[in-house]
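A closer look at the structure
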Number of protein chains: 2
Amino acid sequence: MQTHAGFLSHPSRVLVTGFAAVILLGVFLLMLPISSASGQPTGFLTALFTATSATCVTGLVVVDTGTYWSTFGHVVIISLIQVGGLGFMTMAVLFWLLMGRRVTLRERLLIQESLNVIDLSGLIRLAKKVLLLTLIIELVVALLLTLRFIPDFGYPTGIWYSLFHAISGFNNAGFDLMGGFRSLTGYVEDPIINFAISIDIILGGIGFTVMADLLQYRKRQRLSLHTKLALLVTAALLLVGTLVIFLLEFHNTLQPLSWSGKLWASWFQSVVPRTAGFNSLDLTALRPATLFFMVILMFIGASPGSTGGGIKTTTFALPGLAVFSLARGKEDAELFGRRIPKEQVYKGLAIILLAVSWVVLATLILDVVEKADFLRILFEVVSALATVGSTAGLTPTLSDTGRIVIIITMFLGRVGPLTVAYALSTRQRRKQQFRYAEERIIIG
Amino acid sequence: MQTHAGFLSHPSRVLVTGFAAVILLGVFLLMLPISSASGQPTGFLTALFTATSATCVTGLVVVDTGTYWSTFGHVVIISLIQVGGLGFMTMAVLFWLLMGRRVTLRERLLIQESLNVIDLSGLIRLAKKVLLLTLIIELVVALLLTLRFIPDFGYPTGIWYSLFHAISGFNNAGFDLMGGFRSLTGYVEDPIINFAISIDIILGGIGFTVMADLLQYRKRQRLSLHTKLALLVTAALLLVGTLVIFLLEFHNTLQPLSWSGKLWASWFQSVVPRTAGFNSLDLTALRPATLFFMVILMFIGASPGSTGGGIKTTTFALPGLAVFSLARGKEDAELFGRRIPKEQVYKGLAIILLAVSWVVLATLILDVVEKADFLRILFEVVSALATVGSTAGLTPTLSDTGRIVIIITMFLGRVGPLTVAYALSTRQRRKQQFRYAEERIIIG
Ligand SMILES: [K+]
Ligand SMILES: [K+]
């Protein structure tokens, strides 16, 4: 264990080490014979893949979760998910506070304002509130799910399934116990499952700070810029997503469904790239256009400081806002009557660039080592990097090299963006000794 | 015709109108029976596609250039190419000068410095020099080509073919007269053709200002930041491109070739995304990984103010430079001991964002209307937008809707980036009345 001072000086190292430690513990437990349904010990690579996928709340699996693992294995997996999901969310908030503590008083105040807390003790109180809210949401969703799962699976199993999927949903993990890699396709038209799970996913993906902000709205009567932006982008993605998927799949996978079923399925498939990893339509049957559209939604992902992944809704909005402001003759990105610091725009840009670079590199490698369609490879890489865990059918057939590429991608996707944001935030405070002369280049 | 004052006040409108006018004249000429080899009149959409492709120096074709058109048709096409390529290059330089004229004296001086000219008359002298150099390069390349084409095609035809391909190469147009959509695959191991055409393409794609800068190097003993950056990125892309294509295709399309043939073919295929559109390997036989790699090279494209397309080498380097500087604790993007203005980074970002958005949109539409592999669609869209004109086999089989999408993409790809850069450059000078308060959001 590191000391408090050690933690403060290298928080991103702690994040990476902590995640790695949790994963290795998971690997150990999952390799035990007691973890598999057959009672046989599980191979290292399969255990590593599953533990990484669970801890990073990705949800990609090389063996079917429901049938391959025992109930003990399922408990290990759902524990990894809860620790990975909630732990990360809490850690992320700590990070932003630490960033705030190292920088100028003014900036620290700004960050505290956006978190709506006055001091650290206030934050801890608030964190407790949010964690409590999290557990309440998971319980309420689980209760809703019992309405369907107890009739379908009987008494103890139905309750266990309800809990498992509520936790998996809120943490945007995407692990399911339905068997045969089926995810929630059996419930494509079911209003209860669709409603409960999609609310679960959205709340899990909206982020700690937004939840805290919303919790205090009645008292403060205002929302932070961050909350407004995150809500706006999330709502826009859900709306556009539902519409586009509805139109693209109308004559394809939606064909056999009733009108309400068509709408539920479009809605659900537009929610899951936020980055839950469940699916109620057979993703392997989607049109290429729909798969590609989902790749983009997944790449954007959820909001910062949440259980979800991706480059994040707010990061996605930044370059667009900056360009839009520039076109209107403003020097800074503006929104809702506030300026966003240039340095944040650059940071967002860095995250997007690194994400794109990794997607390109991993896709190239997999293109070489796997015999598979390009779009399916792209889908799988983005799904892993954004910790979505949806699969267009490639993951279960991966070669060993391919599995290792995806394992690294899942890990980078989970700890990467935050680490990058943090690293850039501490470094750039260094006093600049001198400035070079300016010279323009020609672009476009 | 617009007046001089009109031209000065709306130059980007003139660019768009001028291009459209040249294209329409081309359509009229190509529809005439005299333009086709069969002596039959050509349909509007085919003529529009060909004229747009030639004027925008894209090179995508729906009918085979060599066999479908008559020699009169070929003359029309090569004239459209020369007007579109050189005209655009000259226009681009005028644009940057105009940008300089509208802004502060200091910035104007910076631009003039990067062009190495003191006043407008100096520029016109320099422009004449560059145009002369262009014609000399085209002639020298044509002479080199006669060494192969006269033996292969006899006297008048061999000379005509040499001229046609030299002009088509320098203007990065990619039109060829070989017949059967074969491009230069018949000369894959030929050192003369490989050498002459690749030099032709590289010089055409390096840009007016770089050429001017290099012409004056002996006198001034220094190069502008722009020239250094453009040369550096171009060299890096050529080197990495050759290496990656060599490794990826070694056991595939390079298999039957000799060692020198393998190297020539890798080199040539790494030159053409700069954005010539010729090919010496059968692109439809490339591995998916290679096709995807070429998509990235094509998207980057050539240098600004050249006959080539793409987002441009310098634009591509900007976000990376900015992020790298940020990571090293510097506020501004730096290179070779110079700072690059933030506003330019934003402008580059705008160009990249708009290009990515159009690629996504056009790919989605074509995914819906065409029955074709996703990667081939992506390849074709990027090829059209970056005015490359390489085809992975899709264009000749396009539906009418698909043709229209590609026609619009070619046009946007040619006039878009410059227009965007210009529009942002004039708008952003407006005096800002007030600034909003700053508020941070959370990213990553
Ligand atoms: K997930
Ligand atoms: K071209």
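About the criteria used
- Residues numbered from 1 in each chain as written.
- Chains lettered and ligands numbered in written order.
- Predicted model: local features only at pLDDT ≥ 70, side-chain atom pairs only at ≥ 80, totals over all residues.
- Heavy atoms only, no water.
- UniProt positions renumbered as here; feature names shortened; annotations may be inferred.
- Helix = DSSP H or I, 4+ residues; strand = E, 2+ residues; numbered from the N terminus.
- Buried < 20%, exposed > 50% of the residue type's maximum accessible area, 1.4 Å probe, protein only.
- Contact = heavy atoms within 4.5 Å.
- Areas by Shrake-Rupley, 256 points an atom, 1.4 Å probe, with all protein chains shown as cover.
- Phe/Tyr/Trp six-rings, centres within 6.5 Å; stacked < 30°, edge-to-face > 60°.
- Salt bridge = Lys/Arg side-chain N within 4 Å of Asp/Glu carboxyl O.

Chain A is annotated in an unreviewed UniProt entry as Trk system potassium uptake protein TrkH from Desulforamulus aeronauticus DSM 10349. If you open the UniProt record of chain A and go to Subcellular location (unreviewed entry), you find "Cell membrane".

**Examining the overall build of chain A**
Check the secondary structure of chain A and you find 18 helices and 3 strands. Across the 444 residues in chain A, those meeting the buried criterion constitute 61%. Sequence separation of at least 24 residues holds for 71% of the intrachain contacts in chain A that already meet a minimum separation of 6. Here chain A displays about 16700 Å² of accessible surface, and carbon together with sulfur accounts for 69% of that area.

**Brief notes about the side chain of A:Thr387**
All names here are of chain A. The residue Thr387 is located in the loop between helix 17 (374–385) and helix 18 (400–427) in this model. Under the relative-accessibility criterion, Thr387 is labelled buried at 0%. Setting aside its immediate chain neighbours within four residues, Thr387 contacts Cys56, Val57, Thr58, Asn172, Thr275, Gly308, Gly309, Met410, Gly413 and Arg414.

**Remarks on the packing of aromatic side chains**
Within the structure shown, the criterion is met by 17 aromatic pairs over all chains. Here A:Phe149 and A:Phe153 contribute two aromatic rings whose centre-to-centre distance is 5.7 Å and whose plane-to-plane angle is 65°, an arrangement assigned as edge-to-face. Taken together, the residues A:Phe149 and A:Phe153, both in helix 7 (residues 120–153) and 4 residues apart, mark about one turn of the helix. Arranged with centres 5.8 Å apart and planes meeting at 75°, the rings of A:Trp160 and A:Phe164 form a pair that is edge-to-face. With A:Trp160 and A:Phe164 both in helix 8 (residues 155–170) and 4 residues apart, the pair spans about one turn of that helix. Residue classification places A:Trp160 among the partly exposed residues on the basis of a relative accessible area of 21%. An aromatic cluster of at least three residues, connected via ring pairs, comprises A:Phe292, A:Phe374, B:Phe292 and B:Phe374.

**Considering the environment of B:Gly186**
Residues and elements named next belong to chain B. Here Gly186 is to be found in the loop between helix 8 (155–170) and helix 9 (191–205). On the accessibility criterion, Gly186 (59% relative accessible area) is exposed. On a C-alpha basis, the gap between Gly186 and Asn279 in space is 9.8 Å, while along the polypeptide they are 93 residues apart.

**Considering the pattern of salt bridges**
All names here are of chain B. Applying the stated criterion across every chain, the model contains 2 salt bridges over all chains. Between Arg148 and Asp190 there is a salt bridge, and its shortest N-O distance comes to 2.3 Å. With Arg148 in helix 7 (residues 120–153) and Asp190 in the loop between helix 8 and helix 9, this residue pair connects regions lying 42 residues apart in the sequence.

**Comments concerning the environment of B:Trp160**
Separated by 14 residues in sequence, B:Trp160 and B:Thr146 have C-alpha atoms that sit 9.1 Å apart. Apart from the residues within four sequence positions on either side, B:Trp160 is in contact with B:Thr71, B:His74, B:Val75, B:Ile78 and B:Leu177.

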